[in-house]
Amino acid sequence: MQAENPGFFYATEGDSEHCGNVFWTDATSRANYSYFGDTVRVDTSYRTNRSKIPFITFTGINHHAQPVLFGCALLLNESDNSFIWLLQTWLQAMSGRSPVSITCDPDRLIQMAVAQVLPEARSRFCRWSIFRQTQEKLSNVYQTNSTFDFEFQKCINEADTVEEFESCWATLLSRYYLMDNEWLQSLYNIRDQWVPIYLRDVFFGELSTVEHNDALSLFFDGLLSTPTTIQLLIKQYEKTISSWHEKELKDDFDSSNTTPVLKTPSPMEKQAANLYTRRIFMKFQGELVETLANPATIVDDSGTVITYRVAKFGEEHKAHTVRFNAFEMKATCSCRMFEFSGIICRHVLSVFRAKNVLMLPPEYVLKRWTRNAKTGVGESEPDSAFGLPSNSQDSPIVRHNNLRQEAVKYVEEGAKSIHVYNVAMGALQEASKRVSAAKCKNSGTTLGTSEANGGNLEMHAVENQSASCLSRVRYFKLSVFLYIEHLLIFLIQENRYVELFTLQRYIKFLLGSCDLKLELMSQDLEEKEKKIRELSTELERTNQRCEVYRAILLALFRDIEDQKLKLSVKRSSAFALREISCYPVSTSNGDAAPVKARAASPRGFGERRRLGAASPSPKLFGQRRRRARIRGQWRSPSPLSTAAGATAIAVVP
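What you are looking at is a predicted structure, and each value in this text was computed from that prediction instead of being measured. (Residues numbered from 1 in each chain as written. Predicted model: local features only at pLDDT ≥ 70, side-chain atom pairs only at ≥ 80, totals over all residues. Heavy atoms only, no water.)

**Description of the overall build of the chain**
Summing up its helical and strand segments, the chain has 21 helices and 11 strands in all. In the chain, which comprises 653 residues, the share counted as buried stands at 38%. Once local pairs closer than 6 in sequence are excluded, the contacts in the chain between residues at least 24 apart make up 62%. (Helix = DSSP H or I, 4+ residues; strand = E, 2+ residues; numbered from the N terminus. Buried < 20%, exposed > 50% of the residue type's maximum accessible area, 1.4 Å probe, protein only. Contact = heavy atoms within 4.5 Å.)

So, in structure tokens, the structure goes:
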């Protein structure tokens, strides 16, 4: 199995038939440790949640502040030597590189093992595990005082100085009459191992002490509980790993191909947007915006190091001290946020703003938080350290990362226009044929008919993913079987026949379920591939129909506009003919006689009514017309008489 994947590592504890401990890790986990192995979480929560499966995980935090797996173990024998063996084996798999800091549960056995195997690493207890245990120990206090939990966590998480924590702790115990409580007294005695204010001089990768975001222990969150069994663990193990891998790829794509919204005109913000991943940039951006409300005031300017006092408006009692060296462009803050989380704080940024430092100095940008956390020197060094080929091109991890990065760039260029898209698709299909031919030549065997006929790049990606999933399932299956083998020996020696009979049924179920899972995975991949082709064809047909419908709708809109224009012209002409009431007056010698006239208006006699004039009756109008005929001043209106455009109404006295 290790011949198929040189990066895979597993070990069992000794050859003693009384032991049943198994540890394993794969090449991806070992490579991730080379990039993000500065802080590690050892999760032994199964001992407190009464899980049936003694499942231990080693996790860390990647550049998106997501949990990442470093290794797993099944620990049947829980002795001092077993935990020591586990940490030594894990450290050996990680090429002997000790982390900067390590977080573990407040357990005596794991605490002793960490102190012996990892003496250089700064150890702390998981704060959220202590909160859960406190809720169990002080259940009566939580039930009778609804505000105790909020005040207790606020005292731990939001204390900015040691003095503030000490004062808040004493006030809390006095308010709830807990001065003699043994549990709280024991927590206070070890406060330097779990309270954040005592640990801020060491990197733990914790972006916020207030939010309940214990990312180091969330990788298999909810997987281990009281009813969890071996077969359920097998089903969820690979599913959980694939899920976190997909999330990381999605965040990689979003960070590289989308631009965050900038909130200030500062060039430093634009620089950070191009360096950090999206999640880390949002944290930095929040600190940068807060500099507007945190002015820096000079306290001491006597030497090469200038001392500033930085406080928020209205909160001068929570001021922080920043020491700035202008020659080295270095600054240290009393809040120690950069040392604790790797993100520069608002207090140092306020001093940079006062000193016109427009760009982030390189020493304040940790590579582990950037988009390129997995590139550069880290691509070649980890593989040789893990027993993989020393040449970076011989490492499957490096090849995978390089191909993925180039493929993302290729997709971006190919999607810009239909012409470039067609060219890109043709190139991909041609490359797919060449890859298939190379695989056949190297292996000496022929591949499927779809590959021989030049299947597209998506089909190859699905096949590679399926091969990876199947191999990882086999690795996990072997580890579980090794664990079961030691468990059988233990049960036989202890004469536990009831448990032995139950385990026998589990083994039969496991054998069937693992084989069934491998078969179902291959069938599911074929069905998904077929479904993708069908949906792609249907989408293309739908796009064609949409283009036809769009052309028809555009033609209808043009016809409607033409009809509206014609109707408007006809309506205007009819209205003009109906409203014309001009009667030109001429004398006997043919000259135009002066008359009183008014311009024709659409309102007509309506204006006369508003002005108080009475409308002439038909009888009176006829009499006036007869008088005009007798005088020779009346004639019927004709189009020729209105050619000049002057229209008037004759006023007969």
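There's more to say after this.
**So, helix α4 (residues 127-137)**
Buried residues of α4: Arg127, Trp128, Ser129, Ile130, Phe131, Gln133 and Thr134, and no others. On the buried face of α4, the contacting elements are β3 (39-43), β7 (122-125), α5 (139-144), α6 (148-157) and α8 (182-189).

**Topic: the side chain of Asn21**
Mapped onto the elements of the fold, Asn21 is located in strand β2 (residues 21-25). In this structure Asn21 comes out as buried when scored by relative accessible area, which is 0%. For Asn21, the side chain forms a polar contact with the side chain of Glu13, separated by 2.2 Å. Here Leu76 takes part through its backbone nitrogen, which lies 2.8 Å from a polar atom of the side chain of Asn21. With near-sequence residues (within four places) excluded, Asn21 lies in contact with Ala11, Thr12, Glu13, Leu74, Leu75, Leu76, Asn77, Ser82 and Trp85. (Polar contact = N/O pair within 3.5 Å; in protein donor to acceptor, adjacent residues only side chain to side chain.)

**Things to note about the packing of aromatic side chains**
Here the structure, examined in full by the defined rule, presents 24 aromatic pairs. Between Phe152 and Trp169 the ring centres are 6.2 Å apart and the planes differ by 50°, which places this aromatic pair in the tilted class. Linking Phe152 in helix α6 with Trp169 in helix α7 (residues 162-175), this pair joins segments that are 17 residues apart in sequence. Overall, Trp169 belongs to the buried group, its relative accessible area being 5%. The positively charged end of Arg191 is found above the aromatic ring belonging to Tyr188, 4.0 Å away from the centroid. The positively charged end of Arg368 is found above the aromatic ring belonging to Trp369, 4.5 Å away from the centroid. (Phe/Tyr/Trp six-rings, centres within 6.5 Å; stacked < 30°, edge-to-face > 60°. Lys NZ or Arg CZ within 6 Å of the ring centre and 35° of its normal.)

**Quick notes on the UniProt feature "domain: SWIM-type" (unreviewed entry) in the chain**
Residues annotated by UniProt as "domain: SWIM-type" (unreviewed entry) correspond here to residues 320-356. Counted over residues 320-356, helix gives 38% and strand 27%. Its end C-alpha atoms are 20 Å apart. (UniProt positions renumbered as here; feature names shortened; annotations may be inferred.)

**What about a nonpolar patch on the surface?**
Residues Val548, Tyr549, Ile552, Leu553, Leu554, Leu556, Phe557 and Ile560 make up a contiguous nonpolar surface patch of about 770 Å² in total accessible area. With respect to the helices and strands, the residue Tyr549 is situated in helix α19 (residues 497-579). (Patch = residues over 30% accessible without salt bridge, like charges linked within 9 Å, V, L, I, M, F, W, Y side chains within 5 Å. Areas by Shrake-Rupley, 256 points an atom, 1.4 Å probe, with all protein chains shown as cover. Salt bridge = Lys/Arg side-chain N within 4 Å of Asp/Glu carboxyl O.)

**Description of the pattern of salt bridges**
Using the criterion set out here, one finds 14 salt bridges in the structure. With a shortest N-O distance of 2.9 Å, Arg346 and Glu287 are connected by a salt bridge. Of this pair, Arg346 sits in helix α13 (residues 346-354) while Glu287 sits in helix α11 (residues 278-290), placing them 59 residues apart in sequence.

**Remarks on the sheet that holds strand β8 (residues 296-300)**
Strand order in the open sheet formed by 4 strands is β8-β9-β10-β11, with antiparallel pairing between adjacent strands. Edge strands, defined here as strands with exactly one partner in the open sheet, are β8 and β11 (330-333). On average, each strand axis in the sheet is inclined to that of its neighbour by 30°, with strand direction left out of account. With 6 bridges connecting them, strand β9 (residues 305-310) and strand β10 (residues 320-325) associate as antiparallel partners. When the sheet's bridge partners are listed, Ile306 is paired in β10 with Phe324. Most of the contacts of α13 go to β10, to which it runs at about 50°, and overall it touches β8, β9, β10 and β11. (Pairing = 2+ DSSP bridges. Axes fitted to C-alpha atoms, helices over the stretch in contact; angles between N-to-C directions.)

**Looking at the environment of Trp24**
Along the chain, Trp24 falls in strand β2. Distance in space between the C-alpha atoms of Trp24 and Ala73 is 6.3 Å, their sequence separation being 49 residues. Within polar-contact distance, the side chain of Trp24 engages the side chain of Tyr237 at 3.1 Å.

**Focus: the sheet that holds strand β4 (residues 55-61)**
Here we have 7 strands laid out as an open sheet, ordered β1-β2-β5-β4-β3-β6-β7, and mixed in their pairing. Single-partner strands in this sheet number two, and they are β1 (9-12) and β7. Shown here is a sheet whose adjacent strand axes are inclined to one another by a mean of 20°, direction ignored. Across 4 bridges, the pairing between β1 and β2 is antiparallel. Residue Ala11 lies in a different strand from β2, and its bridge partner there is Phe23. Sheet strands touched by helix α2 (residues 80-93): β1, β2, β3, β4 and β5 (67-75). Its angle to β2, the strand with the most contacts, is close to 20°.

**Regarding unusual backbone geometry**
Its identity as a non-glycine residue notwithstanding, Tyr177 has a phi of 55°, on the positive side. Within the secondary structure layout, Tyr177 lies in the loop between α7 and α8. At Asn356, a residue that is not glycine, the phi angle is positive and equals roughly 60°. Of note, Asn356 is situated in the loop between α13 and α14 (381-385).

**Details of the side chain of Thr307**
Along the chain, Thr307 turns up in strand β9. In this view, Thr307 contacts Thr297, Ile298, Val299, Asp300, Thr321, Val322 and Arg323; residues no more than four positions away in its chain are not counted.

**Brief notes about the packing of α6 against α7**
As a packed pair, α6 and α7 sit with axes 9 Å apart at the nearest point and diverge in direction by 160°. Taken together, the axes of α6 and α7 are roughly antiparallel relative to one another. By crossing handedness, the relation of α6 to α7 is classed as left-handed. For the pair α6 and α7, contact is made by Phe148, Glu151, Phe152, Cys155 and Ile156 and by Phe165, Cys168, Trp169, Leu172 and Arg175, respectively. Residues that form the contact of α6 with α7 fall into these classes: 8 nonpolar, no polar and 2 charged. (Parallel < 35°, antiparallel > 145°, perpendicular 65-115°, else oblique. Left-handed = near helix turned anticlockwise from the far one by under 90°. Nonpolar A, V, L, I, M, F, W, Y, C, P; charged D, E, K, R; others polar.)

**A closer look at the confidence of the model for the chain**
Fine structural detail should not be taken from predicted coordinates in areas where pLDDT scores are low. Here the chain averages 75 in pLDDT, while 63% of its residues score no lower than 70. Here residues 377-392 is a poorly scored stretch, pLDDT under 50, and it has 29 contacts once near neighbours within four places are set aside; other chains count. Below a pLDDT of 50 lies the segment residues 445-468, which in the model reaches 24 contacts outside its immediate sequence neighbourhood of four places, other chains included. (pLDDT = per-residue confidence, 0-100.)

**Quick word on the packing of helix α10 (residues 267-275) against α11**
Here α10 crosses α11 at 170°, and the two axes come no closer than 10 Å. By the criterion of interaxial angle, the relationship of α10 to α11 is roughly antiparallel. Contact residues: Met268, Glu269, Ala272 and Ala273 in α10; Phe281, Phe284, Gln285 and Leu288 in α11. Its residues assigned to classes, the contact of α10 with α11 comprises 6 nonpolar, 1 polar and 1 charged.

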